[in-house]
Amino acid sequence: MAFSSEATEVAVAWRDRALRRSLDPAATRSMARLERLLDAVRELTNEADDSSFTVAEVAARAGVSLKSFYRSFEGKDDLLLALLEEESRTGAAMLRAALDRATSPDERLERYVRSLFKLARQVPGYTNVLVREYRRLSVERPAELAQALAPLVLLLEEEIAEATDAGSAAPADVTRGAEIVFGLLLDGLADVTLAGRDSKEVAASIWRFVAGGLRLDEKETE
């Protein structure tokens, strides 16, 4: 199961890269091929719960030739980054909808943490790829990975900024705070996905830690 297969009006980064790489002059046909490849990798990650599939398997599942695959993607990592970017974008939209059911900044931040774990349970294939490939891609393709995860991280940054403006949080740096919290959330998702820990228990313990971490000493002594 994926977050969503709905197309977005704004061309996201991975689509731009793939279309620039494509030698096919018919953009509509190229986009249809990209969607088939992305649907295929979603199916394969959900079936295997990891990224052990091959490029040949993706192409076969999508009903395209290997030549067509390489017209759009340089290799498997490009496809994984495309999956992460697409699902992160849709996941961020779903998180935003969940946050809008809360009122106070504290409640919204807590809902972000808990809802992220809830969404992860709904998309095991995506979550497995994320937690298994994150470390490697952060070394080998750091800029593209950051771009792929930006929708989730930027939403978290917005919520921390709102809490800071409301006086209920006092991080030394909002942007860095969001990066640290998101990294902690990824570690928690890895505990759930790879070590089999209880998702709700991990989410609750991380929220307690985050809630304390965002209330720094300088706020208390002002």
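Higher on the page you've got the structure.
I will try to describe carefully the structure that is included in this document. Model, not experiment: these values are computed from the prediction. (Residues numbered from 1 in each chain as written. Predicted model: local features only at pLDDT ≥ 70, side-chain atom pairs only at ≥ 80, totals over all residues. Heavy atoms only, no water.)

Structural notes on the packing of aromatic side chains
Then, in step 1: On inspection of all chains with the given rule, the structure shows two aromatic pairs.
Then, in step 2: Considering the side-chain rings of Phe 69 and Tyr 70, the 5.1 Å spacing of their centres and the 85° angle between planes classify their relative orientation as edge-to-face.
Then, in step 3: For the pair Phe 69 and Phe 73, a centre-to-centre distance of 5.6 Å together with 40° between the ring planes defines the contact as tilted. One exposure class covers both Phe 69 and Phe 73, and it is buried.
Then, in step 4: Clustering of aromatic rings is evident, with ring pairs tying together Phe 69, Tyr 70 and Phe 73.
Then, in step 5: One cation-aromatic arrangement involves Lys 76 over Phe 53; the distance from NZ or CZ to the ring centre is 4.7 Å. (Phe/Tyr/Trp six-rings, centres within 6.5 Å; stacked < 30°, edge-to-face > 60°. Buried < 20%, exposed > 50% of the residue type's maximum accessible area, 1.4 Å probe, protein only. Lys NZ or Arg CZ within 6 Å of the ring centre and 35° of its normal.)

Concerning helix α5 (residues 76-99)
Then, in step 1: Over its 24 residues, α5 runs 34 Å from end to end, which matches the ideal 34 Å to within 8%, given 1.5 Å per residue.
Then, in step 2: Within α5, 18 of the 24 residues are buried, leaving the element largely enclosed by the surrounding structure. (Helix = DSSP H or I, 4+ residues; strand = E, 2+ residues; numbered from the N terminus. Expected span 1.5 Å × (residues − 1).)

Examining a positive patch on the surface
Then, in step 1: A grouping of Arg 101, Arg 111, Lys 118, Arg 121 and Lys 200 is seen on the molecular surface, where their side chains present a positively charged patch.
Then, in step 2: If one sorts the elements of the positive patch by residue count, helix α6 (residues 105-122) sits on top with three residues.
Then, in step 3: Topologically, Arg 111 is positioned in helix α6. (Patch = residues over 30% accessible without salt bridge, like charges linked within 9 Å, V, L, I, M, F, W, Y side chains within 5 Å. Areas by Shrake-Rupley, 256 points an atom, 1.4 Å probe, with all protein chains shown as cover. Salt bridge = Lys/Arg side-chain N within 4 Å of Asp/Glu carboxyl O. Lys, Arg positive; Asp, Glu negative; His and termini not counted. Charge placed at Lys NZ, Arg CZ, Asp CG, Glu CD.)

Describing the nonpolar core
Looking at soluble globular proteins, one finds that nonpolar side chains tend to be buried together.
Then, in step 1: Val 58, Leu 84, Tyr 112, Phe 117, Leu 156, Phe 182 and Leu 185 are the most contacted members of the largest nonpolar core, which has 60 residues in total.
Then, in step 2: If you list the elements that add at least two residues to this core, you get α2 (27-48), α3 (55-62), α5, α6, α7 (124-140), α8 (142-165), α9 (174-195) and α10 (199-213).
Then, in step 3: Apart from residues lying up to four places away in sequence, Phe 182 is in contact with Tyr 112, Leu 149, Leu 152, Val 153 and Leu 156. (Core = buried A, V, L, I, M, F, W, Y, C linked by side-chain atoms within 4.5 Å. Contact = heavy atoms within 4.5 Å.)

Section: the layout of surface pockets
Then, in step 1: Approximately 220 Å³ is the volume found for the largest pocket.
Then, in step 2: Breaking the lining of the largest pocket down by element, the ones donating at least two residues are α9 and α10.
Then, in step 3: Looking at the lining of the largest pocket, the element that brings in the most residues is α9, giving five residues.
Then, in step 4: Within this model, the second largest pocket holds a volume of roughly 190 Å³.
Then, in step 5: What lines the second largest pocket is simply Tyr 134, Ser 138, Pro 142, Leu 145, Ala 146, Leu 149, Ala 150, Val 153, Glu 179, Phe 182 and Gly 183.
Then, in step 6: Considering only residue class, the lining of the second largest pocket consists of eight nonpolar, two polar and one charged. (1 Å grid on protein atoms, 1.4 Å probe; cavity = no way out; pocket = protein on both sides within 12 Å on 5 of 7 lines; lining within 4 Å. Points joined across faces, edges and corners; volume = space filled by probe spheres on them. Nonpolar A, V, L, I, M, F, W, Y, C, P; charged D, E, K, R; others polar.)

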